[in-house]
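These are the residues of each chain, in order.
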Amino acid sequence: MDRMTSGIGRQPPKREAPDHIGPARPIGPIGPIRPTCPMRLATQKATMAEATTQLALEHEHHADPLGSKLGMWLFLLTELLLFGGLFLLYSVYRAKNPAAFHDAAAQLNVLIGTLNTALLLTSSLTMALSIGAMQRGQKKVALGCLLATIAMGGLFMANKYFEWTAKIHHGIFPNSPALGQQSSGEQIFYGLYYSMTGLHGFHVLVGMGVLIWMAISLARRPERVERWVLPEEIEKLRGGRV
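First, a word on what this report is: a plain description of the structure on this page. (Residues numbered from 1 in each chain as written. Predicted model: local features only at pLDDT ≥ 70, side-chain atom pairs only at ≥ 80, totals over all residues. Heavy atoms only, no water.)

1. Details of helix H4 (residues 98–105)
Definition in use: When accessible area is computed with a 1.4 Å probe and restricted to protein chains, residues below 20% of their type maximum are described as buried, those above 50% as exposed, and intermediate ones as partly exposed. Only DSSP runs of H or I reaching four residues or more are called helices, and only runs of E reaching two or more are called strands; each is numbered from the N terminus. Here, the arc refers to the directions that run from the helix axis to the C-beta atoms. Throughout, a contact is declared for two residues whenever any of their heavy atoms are within 4.5 Å.
Of all the positions in H4, only Ala 100, Phe 101 and Ala 104 are classed as buried. Buried residues of H4, viewed axially, fall in a sector of 95°; they line one side. Exposed and oriented more than 90 degrees from the buried face of H4 are Pro 98, Ala 99 and His 102. Looking at the packing, one finds that the buried side of H4 touches helix H3 (65–96) and helix H8 (184–220).

2. Examining the nonpolar core
Rule in force here: The nonpolar core is taken to be a set of buried Ala, Val, Leu, Ile, Met, Phe, Trp, Tyr and Cys residues, with the residues joined through side-chain atoms within 4.5 Å.
Counting 15 residues, the largest nonpolar core has Met 134, Ala 142, Leu 146, Ile 150, Leu 211, Ala 215 and Leu 218 as its most contacted members. Secondary structure elements with two or more residues in this core: helix H5 (110–135), helix H6 (139–169) and H8. The element contributing the most residues to this core is H6, with six residues. Core analysis: the next-biggest nonpolar cluster, separate from the first, contains ten residues, Ala 104, Phe 189, Leu 192 and Tyr 193 among them.

3. Brief notes about the packing of aromatic side chains
The description of an aromatic ring pair rests on the distance of the ring centres and on the angle between the ring planes. For clarity, the cut-off: Put simply, two rings from Phe, Tyr or Trp (the six-membered ring, in Trp's case) pair if the centres are within 6.5 Å, and we call them stacked under 30 degrees between planes, edge-to-face over 60, tilted for the rest.
In total, this model carries eight aromatic pairs according to the counting rule given. Arranged with centres 6.3 Å apart and planes meeting at 55°, the rings of Tyr 90 and Phe 189 form a pair that is tilted. Here Phe 189 lies in helix H8 and Tyr 90 lies in helix H3, a separation of 99 residues in the sequence. Residues Phe 189 and Tyr 190 carry aromatic rings whose centres are separated by 5.2 Å and whose planes lie at 85° to one another, so their mutual orientation is edge-to-face. The same class applies to Phe 189 as to Tyr 190, namely buried. An aromatic cluster is present here, built from Tyr 90, Phe 101, Trp 164, Phe 189, Tyr 190, Tyr 193 and Tyr 194 joined pairwise through their rings.

Printed below as a string of structure tokens:
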């Protein structure tokens, strides 16, 4: 009984920590801070590097579908104003000189004109197919359609060269003696003809230059599908709707 009562109230002996445990761990706001595993640290660094690369890629290839569409429609509006005014001028003079315009137009090469029209329509198709292939990430298809568009532009200019040289060979060009002997209506027709087709040819040359630059840029880019995501899908991802 004495032994049982003598043990009551005594404090248990304190145990000293062995020397091999090492220094105590630092205490954080939510508990002891555990040392980071090397594998976990490497994984975190790789994840951060990938996120940084993705952010830089998104910043480099920022997509603005609304701004792009608005810019294209403004460009088409300016083209409509320019060529629409020229066609309006042509229509007014044709209404005033129907016989002279008919006789002058009969001297043009219908086959070359038809071929150029087919080239223009087909080149519009291949350009649209190239843009669609870019959006789907099909680099080779996009580049092929782009090169086909450039080739058809070159064929158009070649046909225009042969058409112009044939008329110049016959002495039919602005301020030429042969054209000065014809009626005033025919002179107006060929003045409009050279002005309108020359301006259109200049547009085609500028467009070919832009497409060549696009083809070179496209050929140098790595073939990565994520670089060609549709603008609508990018907007969905940014808005958190996917």
